[in-house]
Amino acid sequence: MVLQQEQQWLSTSVQQIYASAQTEERIPEAKAAIVQLLRHRHRLATAADEDFLVRTQADISNTASTVTSALTSLLASIAGIPLLVGGIGIMNIMLVSVTERTREIGIRLATGAKGGDVLLQFLIEAVLLSVTGGLFR
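Okay, so let's go over this structure. In this text the structure is predicted, and so the values were computed from the model without any measurement.

Here is what the cut-offs are and how they apply
Here the residue numbering is sequential within each chain, running from 1 through the sequence in written order. Whole-chain, interface and lining totals are the exception, using all residues; otherwise, since this is a predicted model, local features are given only for residues with pLDDT of at least 70 and side-chain atom pairs are given and counted only at 80 or more. As a rule here, side-chain values come from all non-hydrogen atoms in the structure, and water together with hydrogens is ignored. Per the convention used, a helix needs a DSSP run of H or I reaching at least four residues, while a strand needs a run of E reaching at least two, with both numbered from the N terminus. What makes two residues a contact is simply this: any of their non-hydrogen atoms within 4.5 Å. Lines fitted to C-alpha atoms define the axes here, with helix axes fitted over just the stretch in contact, and angles between the N-to-C directions of these axes take values from 0 to 180 degrees. For this classification, under 35 degrees means roughly parallel, over 145 means roughly antiparallel, 65 to 115 means roughly perpendicular, and everything else is oblique. Helix crossings fall into two classes, left-handed where the near helix is turned counterclockwise from the far one by less than a right angle and right-handed where it is turned clockwise. Put simply, a nonpolar core is a bunch of buried Ala, Val, Leu, Ile, Met, Phe, Trp, Tyr and Cys residues held in one set by side-chain atoms that sit within 4.5 Å of each other. With a 1.4 Å probe rolled over the protein chains alone, any residue whose accessible area is under 20% of its type maximum counts as buried; one over 50% counts as exposed, and the rest are partly exposed. Any carboxyl oxygen of Asp or Glu that lies within 4 Å of a side-chain nitrogen of Lys or Arg is treated as forming a salt bridge with it. Under the rule applied, a polar contact is a pair of N or O atoms within 3.5 Å (in protein, one hydrogen donor and one hydrogen acceptor; residues adjacent in sequence only if both atoms are side-chain atoms).

Attention shifts here to the side chain of Thr56. Note on placement: Thr56 falls in the loop between helix H1 (27-41) and helix H2 (57-100). Contact partners of Thr56, with chain neighbours within four places excluded, come to Ile27 and Lys31.

Below is the structure:
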């Protein structure tokens, strides 16, 4: 039986450096100085791409805002699906209700009710149905 030993590699590179500016107005100046220093230490030519990344709190805040906005939109669209399904359900129930109550509607119209009155009755019923369903949810 051959035993193999795992070798641990010691990293000699720095992963992160935190720096601060004296005032908020001097952040761009500090960032430029840090970029210049790192380009010099990494021995990068003037036209060469940087092999490091310098971020400010404003950059991180903008990224977080973008992610938050995307998640908010996603959650709003997901929340809209049940509303759409519920609306279709209520529409189908009201369609069945109108179909089954054609005699009642005819009697109401014959006794002097206007079309708007019948429409208002069904609208009130639909609203009450959706509110009741929302309360019991």
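Once the structure has been displayed, the description carries forward.
A word on the packing of H2 against helix H4 (residues 115-136). Two elements in contact, H2 and H4, have axes separated by 11 Å at closest approach and are oriented at 140°. Comparing the axis directions of H2 and H4 gives the class oblique. The handedness of the crossing between H2 and H4 is right-handed. Between H2, through Ile90, Ile93, Met94, Ser97 and Val98, and H4, the contact on the second element is made entirely by Phe122, Glu125, Ala126, Leu129 and Ser130.

Turning to the nonpolar core, a few remarks are in order. Counting residues in each nonpolar core, the largest one holds five residues, listed as Met94, Ile105, Val118, Phe122 and Ala126. Counting residues per element, this core draws most heavily on H4, at three residues.

Glancing now at unusual backbone geometry. Positive phi outside glycine occurs at Arg43, with the angle close to 55°. Looking at the secondary structure, you find Arg43 in the loop between H1 and H2.

Enumeration over the complete set of coordinates arrives at five salt bridges. In this structure, Glu104 and Arg101 form a salt bridge, with 3.1 Å as the shortest nitrogen-oxygen distance. Given the relative accessible area of 34%, Glu104 is considered partly exposed. Members of the salt-bridge network, linked through shared partners, are Arg101, Glu104 and Glu125.

Turning our attention to the environment of Ser61. By secondary structure assignment, the location of Ser61 is in helix H2. Separated by 14 residues in the primary sequence, Ser61 and Ala47 have C-alpha atoms spaced 29 Å apart.

Attention now goes to the side chain of Arg101. If you trace the backbone, Arg101 turns up in the loop between H2 and helix H3 (102-110). Separated by 2.8 Å, the side chains of Arg101 and Glu125 make a polar contact.

Here we take up the environment of Leu38. In this structure, Leu38 sits in helix H1. With relative accessibility at 19%, the residue Leu38 sits in the buried group. A sequence separation of 12 residues divides Leu38 from Glu50, and the C-alpha atoms of the two residues are 8.8 Å apart. Leu38 has contacts with Phe52 and Val54, leaving out every residue within four places of it along the chain.

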